[in-house]
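# Analysis of the macromolecular model
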Amino acid sequence: MSRIKYHIFVFLACFCSLIFAQQDGVEDKEMLTLRLNEHLNQAKLDSERGNYYNALDNFDKALEVAEKIDDKPNQGKIHTKMAKVQFLVGEEDQANISLTKAIQIQRKNDDYANLAITYNIKGVIHSTKEEYENALGYFKSANNLFEQEDLEEYTSEVSLNKAKVFIAQERYEEAKAQLEKTIIVAKKHDQDRRLSSALIESGKVYCAINNPDMALSQTEEGLSIAQTNNILENVNEAFVTLSDIHEKNGDYKRSFEYIKKHIHLSDSILNIKRENLPQGISGLSINKYKDAENAQLKAQIDEVTAESAFTRITTILSIALITILSLLTLSLYKNNNIRLNTNTMLHKKNDELIVAKEKAELASKTKANFLSTVTHELRTPLYAVTGLTNMLLDEDPKEHQIPHLKSLKFSGDYLLTFINDILQINKIEANKVELDPENFNLKNKLENVISALSNSAKDQDTKIHFDYENGLPETFVGDQLKISQILINLLGNAIKFTKDGDIWVRAYKIDQKDNKYNLRFEIEDNGIGITKEKQDQMFDSFSQGSVQINRKYGGTGLGLSIVKGLIQILKGKIYLKSELGKGSTFFFEIPLEYDEDSEKPVVEEVKKVNKMESLDLSNVKILIVEDNKINQMITKKILNKMDLYCDVVDNGEAAVEQVKEVAYDVVLMDIHMPGISGLEATKIIRTFDKDLTIFALTAVTLEDKMHEFGEAGFDDIISKPFKQEDFEDKLHAALSGEKIVSSFFN
């Protein structure tokens, strides 16, 4: 009996402990939620006061709590709010990272209202960088989501932001239409800040289209609302706008009065912000130039407005001088060209360095934009060339046509290789190539490269010999893709310049420390060789020894430059030994880590089969979104040959409507189209269909646009022109229900 009592006692004790533990858990969660709200409220207060770094600290703490209690909606909102503050303090890269995280969370949770807010902030960031089309795309997405969620009061901010972009682009009629929308919604919902801002922006528009009466009326009304509600930023903007309007009307005196008011108010705002920033923050230094600029303007104002005790003629001359100096001051202020006078060599050197840096950055940006534009313009017709050529070769051409088609195919492939080489060189020079280490079998890798190029060697009546050092491990950790590219380039070069000869590929150890090996690779040939004079230039871009060699053997002259760049990224070295008429030997050394756990027997390569044949494609529907008629025809024909049904539309708006009406399995979306872009169309589709597989079928340069494709909601990217097998693999993954593993987003 006592044993039964004991068991009952133990059971009751456990039960009570469980109850108390659950209560503690509830209390803990409630406490954490209270702490979360406390941090968010404090962050909001700090932001409003201009204490941005304190605000970021509180957002960090709030995010930590939200993650702890798995509060996804608040996680998304916090990332959005953090991004806004990060951008205000100049942390642009961090702001973009926060926005990307917010978009991912909000899209996953169907939190469309907050996703719209995030898109709006993303648009503002793009507009401040003068990336106006991207900005308008995000504003349109934000507006669509606000309307979808019946949040009319939020649309006023979006339409105001769009209007500012249109003004910057001098698209004044479109700006006027957006401002009218803003004014209507702002009045309806008592949004004084947006209303005053919209009226002031409207004044700018009317000034630009030569309607001075409306310009003054709108701006003065906006100023009145801003002054009544103590909205200092809008008051300041109104002063500048009124100065512009009066200057355009020829009333220089009033123009000058408003610019003085603007300078005085700017000082006040600047002092408030300075007081709210912590001491020692580097952001304070950005105000030095502003202070100096304002001081110089004030000095000029004091000088020209001093009372004169001279005669009437002196007074007239003084007025003339005031007018001239006013115009000069106004012009200098608006163009931001006032500079501090200094006689020291140090400041001169700093100015020279700044100018040099700006020129270098501009040159780099210009080069990147040029390459992006040129490669896109080349890839688009190349898609047509390679696609049509492959189709014609598959359609039983006449015997005498085959050599011509093969020549055309070779030319297209050569041009595509050239484009890719240029892009890779640019990527290496911009330090945008990242390492992707993984376990791999080095010996197999070398054998596969030799096997892949063996037919080319046979065409040259050349034999390839392979020597892998006895006792050297086979499995290592490294970036096998880059190693393959180096080997293919060097071995391909050896084959190209060796006729009826021999090539030796060797791999051996130089030294070893624990599991870290320093390996040397040699590619030796007995081909034409390289002169002593040319050897020092062989790793430069577009260098091929001589014009005669270029004409005889072809090639872009970029291969060795790419090889050198990749080896440096792998922390290795490359050497060359050559003698004209006797051949060349390229040596390169790279460090690799031996992976003892991954030693496995060699598995025979399975012959690749056509995966699509295993699927039932009878009910599959694919939508092609492409504005180029030739590319439409090529893509459709490729799909039809795979027994796939497809529809075609030629713009983003039509794509959105088509997806709403028809249940498609896959959408192949071009990017550059008339009307809304493929990015914008995809963002709109994602507001009502998150599961549809959408591939970006594009010829754009991808390196700098990854975050944009990911944020828009693409599942993967198919870069034009594409390889048929890669295209089939991606379609198979989408249609079979496999997880799509993107080489771009993962």
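These figures come from a predicted structure and were not determined experimentally. (Residues numbered from 1 in each chain as written. Predicted model: local features only at pLDDT ≥ 70, side-chain atom pairs only at ≥ 80, totals over all residues. Heavy atoms only, no water.)

## Considering the overall build of the protein chain
Which entries qualify depends on this criterion: In DSSP terms, a helix is any run of H or I states spanning at least four residues, a strand is any run of E spanning at least two, and both are numbered starting from the N terminus. Here a residue-residue contact requires only that any non-hydrogen atoms of the pair lie within 4.5 Å. For the area figures, the Shrake-Rupley method with a 1.4 Å probe applies, and any residue is considered shielded solely by the protein chains shown.
Helix and strand counts for the protein chain come out as 26 helices and 12 strands. Sequence separation of 24 or more characterises 67% of the internal contacts of the protein chain that already satisfy a separation of 6 or more. Total accessible area on the protein chain stands at roughly 41500 Å², and carbon and sulfur atoms take up 52% of it.

## Remarks on helix H11 (residues 232-248)
The criterion, for reference: Each residue after the first adds 1.5 Å to the expected span of a helix. Relative accessibility decides the category of a residue: with a 1.4 Å probe and only protein chains considered, values under 20% of the type maximum give buried, values over 50% give exposed, and everything between is partly exposed.
Between its terminal C-alpha atoms H11 stretches 25 Å, which fits the 24 Å expected from 17 residues at 1.5 Å a residue. When H11 is considered as a whole, its buried residues turn out to be Asn-234, Val-235, Asn-236, Ala-238, Phe-239, Val-240, Thr-241, Leu-242, Ser-243, Ile-245 and His-246. Of the residues one or two after H11, Gly-250 is the one with positive phi, at around 85°.

## Considering unusual backbone geometry
A positive phi angle is found at Asp-190, which is not glycine, with a value near 55°. Mapped onto the elements of the fold, Asp-190 is located in the loop between helix H8 (172-188) and helix H9 (192-208). The phi angle at Lys-571 is positive, at roughly 65°, despite the residue not being glycine. Here Lys-571 is to be found in the loop between helix H21 (559-569) and strand E6 (573-579). With a relative accessible area of 67%, Lys-571 lands in the exposed category.

## Focus on the packing of H9 against H11
To be explicit about the condition: A fitted line through C-alpha atoms represents every axis, and for helices the fit uses only the stretch in contact; the resulting angles, taken between N-to-C directions, go from 0 to 180 degrees. Roughly parallel here means an angle under 35 degrees, roughly antiparallel means over 145, roughly perpendicular means 65 to 115, and every remaining angle is called oblique. Note on convention: the crossing is left-handed when the near helix lies turned anticlockwise from the far helix by less than a right angle, right-handed when the turn is clockwise. Side-chain classes follow a simple rule in which Ala, Val, Leu, Ile, Met, Phe, Trp, Tyr, Cys and Pro form the nonpolar group, Asp, Glu, Lys and Arg form the charged group, and the remainder, Gly included, forms the polar group.
For the pair H9 and H11, interaxial distance at closest approach is 10 Å and the crossing angle is 15°. Regarding the angle of H9 to H11, the classification is roughly parallel. Two packed elements cross with a definite hand, and for H9 against H11 that hand is left-handed. On H11, the residues touching Arg-193, Ser-196, Ser-197, Ile-200, Glu-201, Gly-203, Lys-204, Cys-207 and Ala-208 of H9 are Glu-233, Asn-234, Glu-237, Ala-238, Thr-241, Ile-245 and Lys-248. Each residue belonging to the contact of H9 with H11 can be placed in one class, and the counts come to five nonpolar, five polar and six charged.

## Quick word on the environment of Asp-595
Looking at where Asp-595 falls in the secondary structure, it is placed in the loop between strand E7 (583-594) and strand E8 (621-625). Ignoring anything within four residues of it in the chain, the contact list for Asp-595 reads Asn-439, Thr-475, Phe-476 and Val-477.

## Points about the packing of aromatic side chains
Going by this rule: Here the aromatic set is Phe, Tyr and Trp, taking the six-membered ring for Trp, and pairing holds for ring centres within 6.5 Å; pairs whose planes are under 30 degrees apart are stacked, those over 60 apart are edge-to-face, and all others are tilted.
A full pass over the atoms with the stated rule returns eight aromatic pairs. Between Phe-146 and Tyr-154, the ring centres sit 5.2 Å apart and the planes meet at 15°, which makes this aromatic pair stacked. Seen in terms of ring centroids, Phe-239 and Tyr-258 are 6.1 Å apart; in terms of plane orientation they differ by 35°. Their pairing is tilted. Residue Phe-239 is located in helix H11, and its partner Tyr-258 is located in helix H12 (residues 252-276); the two are separated by 19 residues in the primary sequence.

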